[in-house]
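Examining the three-dimensional arrangement
Okay, here's what each chain looks like letter by letter:
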Amino acid sequence: MCMVDLEKASGAGPQRDAEGCLAVAIRLPVRIVVLVLVVPVRIVWDALVVAGRFLRDTVLRPVGRALAWLGRAVFVWPLVGLWRYVVVPLARGVGWLGQVLLVVPAVWLYRWVLAPVGHGIAWLCAWVGAVLAAMGRGLYAALVWLGRYLVVVPAVWLYRGVLMPVGHGIAWCGRQVARGVRLVLTGVGFVLYWTVRVLLVLPALAVWRWVLTPVGRVLAVVGREVAAAAGHAWRIAGHLSRAVGRFLATVLRWTVAEPARWVYRSVLTPVGHAVRDAVVRPLAEAGRSVGRATRQALASARLTARQARADVRRMLFGEPAERRSVDRREPSAAEARTLGSSTTALTKD
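For clarity, every value in this text was computed on a predicted model and none was experimentally measured. (Residues numbered from 1 in each chain as written. Predicted model: local features only at pLDDT ≥ 70, side-chain atom pairs only at ≥ 80, totals over all residues. Heavy atoms only, no water.)

**Observations concerning the packing of aromatic side chains**
Inspection of the entire model under this criterion finds 4 aromatic pairs. With 5.3 Å between their ring centres and 50° between their planes, Trp145 and Tyr149 make a pair best called tilted. Of this pair, Trp145 and Tyr149 both sit in helix H3 (residues 21-317), 4 residues apart, roughly one helical turn. Relative accessible area serves as the criterion here: at 53%, Trp145 is assigned to the exposed category. Aromatic side chains Phe190 and Trp194 sit 6.4 Å apart centroid to centroid with 70° between the ring planes, which places their arrangement in the edge-to-face category. Taken together, the residues Phe190 and Trp194, both in helix H3 and 4 residues apart, mark about one turn of the helix. What makes Trp194 partly exposed here is its relative accessible area of 41%. Aromatic ring contacts, followed pair by pair, group Phe190, Tyr193 and Trp194 into a single cluster. (Phe/Tyr/Trp six-rings, centres within 6.5 Å; stacked < 30°, edge-to-face > 60°. Helix = DSSP H or I, 4+ residues; strand = E, 2+ residues; numbered from the N terminus. Buried < 20%, exposed > 50% of the residue type's maximum accessible area, 1.4 Å probe, protein only.)

**Some remarks on the side chain of Arg42**
Mapped onto the elements, Arg42 comes out in helix H3. Among the residues examined, Arg42 registers a relative accessible area of 15% and is labelled buried. Within polar-contact distance, the side chain of Arg42 engages the backbone oxygen of Trp234 at 2.8 Å. Other than its neighbours up to four places away in sequence, Arg42 contacts Trp234, Ala237, Gly238 and Ser241. (Polar contact = N/O pair within 3.5 Å; in protein donor to acceptor, adjacent residues only side chain to side chain. Contact = heavy atoms within 4.5 Å.)

**Concerning the confidence of the model for the chain**
For the chain, the average pLDDT comes to 82, and 84% of its residues sit at 70 or higher. Ranking the elements of the chain by mean pLDDT puts helix H1 (residues 2-10) last with 40 and H3 first with 87. The model gives residues 1-18 a pLDDT under 50, and that stretch makes 10 contacts with residues more than four places away or in other chains. (pLDDT = per-residue confidence, 0-100.)

**Quick word on the pattern of salt bridges**
Taken as a whole and judged by the stated rule, the model has 9 salt bridges. The shortest N-O distance in the salt bridge between Arg292 and Glu285 comes to 3.9 Å. Taken together, the salt bridges that share partners define one network made up of Arg56, Asp57 and Arg61. (Salt bridge = Lys/Arg side-chain N within 4 Å of Asp/Glu carboxyl O.)

**A look at a positive patch on the surface**
A contiguous patch of positive charge, built from Arg302, Arg306, Arg309 and Arg313, is present on the exposed surface. Tracing the backbone through its elements, the reader meets Arg309 in helix H3. (Patch = residues over 30% accessible without salt bridge, like charges linked within 9 Å, V, L, I, M, F, W, Y side chains within 5 Å. Areas by Shrake-Rupley, 256 points an atom, 1.4 Å probe, with all protein chains shown as cover. Lys, Arg positive; Asp, Glu negative; His and termini not counted. Charge placed at Lys NZ, Arg CZ, Asp CG, Glu CD.)

This is the structure:
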């Protein structure tokens, strides 16, 4: 399989030819080494997977289900019962009591006491606010007039006549100083730029172009080949592991499963049938007959006790009065006419 892959890879065309002699030289040794290293790891991995699945199906899943049922029985069901039969009724009772003792009195107090008092206070505050607003508007107008003629007008005159000329002169001086500083900084920056470029950038660019790039390409080719070899080795190890697993399964089948199946079918099943026919069924039939006899004896004993109680009751209290049966069916049309005529005759008499 590996040789087939190598032949296909060597005849892949211009893409493989573009890789160069380095990739072709390191591909086969790397794949052989990786295959030798990966096959035991893949076999151990497959064995661990099979063991883990067997442990999950036979131990962990039943234990988990048992623990889940135990958790529900110990925690969930008691809490649900406590919530359903204790907390919810108690909360409903407390809610009804709170509504009767707190909500209804609070609503009545708000509707008939606090609301009228609040309306009165709001009307009073509105009237006082209107008066204060009128006073405030007059005071604001007075303060605006005083501020305009005592502060704004002198400030405008000071700004136009004094501060504006002084500011223009200071701004012109600042622009000239900034222009000189900018020229100085431009010259210093030009010198530093060419110094850093000659001393740092050009050597670093040369190292990157002539040293790091070839080394990186070589390492990339080596890493790509190692990754491809690891993939091929992992697939080959999977096939080998599957073959080993099938061989072990066949061995276990013919050494353990088939003999156990033969023993079960040829020995245990006939013995079980014989035990069932000779021992279990006669014992079950005897048990059922004993049960029937016991039930009949108990029924006869109950009947005897019932008759004895009836005899004692007749001796102490006498015969019970006979109950007269009442005909509850509806009368027919002929009976209704006969009953009506007899009732009319009795009324006339």
